[in-house]
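# Examination of the molecular architecture
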Amino acid sequence: MGNLTQYSKQGTIGVITLNNPPLNALTQTRGLIQEIKDHLMSGEADAAVKAFVLIGANRNFSAGADISEFGKPNDPSKADLRQLTEYMDAVKKPLVAAIHGPTMGGGLELAMACHYRVAGPDALLALPEVKLGLLPGAGGTQRLPRLIGAEQSLRMITTGDPIKAEKAAKLGLVDELVQGDLLQAGIAYAEKVVAENKPLRRVRDMSVNVPGGPDVFFPIARAEVAKASRGFPAPMKNLECVEDAARIPYDQGYINERVRFMELMKTTESAALRHAFFSEREANKIPDVPDSTPLIPIKSAAVIGAGTMGGGITMNFANAG
């Protein structure tokens, strides 16, 4: 077994901990996703294990897929996120995701493939793939509408903007908000599910709430998204996936999602947005300056010029004290 996850048993609960700092990215080629599947298979074969808790070490549950792997071939010897979530749909013991911190993209898709979700107050949930000219590629466009309805999920998926834990609970994306030790809260919730013999709540089997029905809602939504997207293809492709969730069976919508994901991956818009994403992160790194370099406190600044830019810069400095 690799070292990007850990598995332990706490009583009758199998605990799977993601441990790929800093943000628990779901790397396929390094085997983290396969490790999760292996832990689930091991726990399923263990009669002493009655349920599972998935949790992230460090700062969060998972910030999503390892974007550096986008566009590169998968390692065929290891499961990818789609294969993992498909396997999770067949698991016969309760799966509880314990969420904290930024839980984005593939991380949220992993959590939605669980039967139940609990979250700490610092959880921040989003499907931000549209900001890279893409769409969720592991069932996110099909599961989210089944949990929170077409209207709210369309807003989240086509904008990519995050929501806080409290709102996620009100919408039904999170089943319970918890305080204190998240792991112990997740274990307690899993034990409660087992004690009460709650059903395995597979999101894929749920129906989608659509205000006024699909024939009323989606024509209006399509016009609004088309206006807001200004010609970018990703928001409309995301909308088409949400509409599939409302109109056709899960399995076909899931296939269509993958087809559209691959189409968007080949667009110049997505390539440009992904390039910008990596460029912004590289810009924060200064060659030959180690992370341990002490920061010099800056207590005053002078701005030459008071035009549009100079005024804006001055205001930012003033706001920062």
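As a reminder, the structure under discussion sits directly above these lines.
The notes below deal with the structure included here. Small disclaimer: the values here were computed from a predicted structure and weren't measured. (Residues numbered from 1 in each chain as written. Predicted model: local features only at pLDDT ≥ 70, side-chain atom pairs only at ≥ 80, totals over all residues. Heavy atoms only, no water.)

### Describing the pattern of salt bridges
Per the counting criterion, the structure on display carries 17 salt bridges. R143 is the salt-bridge partner of D89, the closest N and O atoms lying 2.7 Å from each other. With a gap of 54 residues between them, D89 in the loop between α2 (81-88) and β4 (95-99) and R143 in helix α4 (residues 140-148) connect regions that are remote in the sequence. With respect to class, D89 is no different from R143; both count as buried. A salt bridge links R222 to E243; the shortest N-O distance between them is 2.6 Å. Of this pair, R222 sits in helix α8 (residues 214-229) while E243 sits in helix α9 (residues 233-247), and the two are 21 residues apart along the sequence. (Salt bridge = Lys/Arg side-chain N within 4 Å of Asp/Glu carboxyl O. Helix = DSSP H or I, 4+ residues; strand = E, 2+ residues; numbered from the N terminus. Buried < 20%, exposed > 50% of the residue type's maximum accessible area, 1.4 Å probe, protein only.)

### A closer look at the side chain of Q28
Relative to the assigned elements, Q28 resides in the loop between β2 (13-18) and α1 (32-44). Of the residues examined, Q28 reaches a relative accessible area of 3% and is grouped as buried. A polar side-chain atom of Q28 sits 2.8 Å from the main-chain carbonyl oxygen of D75. Setting aside residues no more than four positions away along its own chain, Q28 makes contact with I33, E69, N74, D75, K78, A79 and D80. (Polar contact = N/O pair within 3.5 Å; in protein donor to acceptor, adjacent residues only side chain to side chain. Contact = heavy atoms within 4.5 Å.)

### Concerning a nonpolar patch on the surface
Taken together, the side chains of V303, M309, I313 and F317 make up a nonpolar region of the molecular surface, amounting to roughly 390 Å² of accessible area. Tracing the chain through its elements places M309 in helix α12 (residues 308-319). A relative accessible area of 67% places M309 in the exposed class. (Patch = residues over 30% accessible without salt bridge, like charges linked within 9 Å, V, L, I, M, F, W, Y side chains within 5 Å. Areas by Shrake-Rupley, 256 points an atom, 1.4 Å probe, with all protein chains shown as cover.)

### Here we look at the pairing of strand β1 (residues 5-10)
Moving residue by residue along a regular strand, the side chains alternate between the two faces of the sheet. Here β1 pairs with β2 via six bridges, running antiparallel. Paired with Y7 across the strands is I16, a residue of β2. Counting the residues in the hairpin turn of β1 and β2 gives two residues, including G11, whose phi is positive at 65 degrees. (Pairing = 2+ DSSP bridges.)

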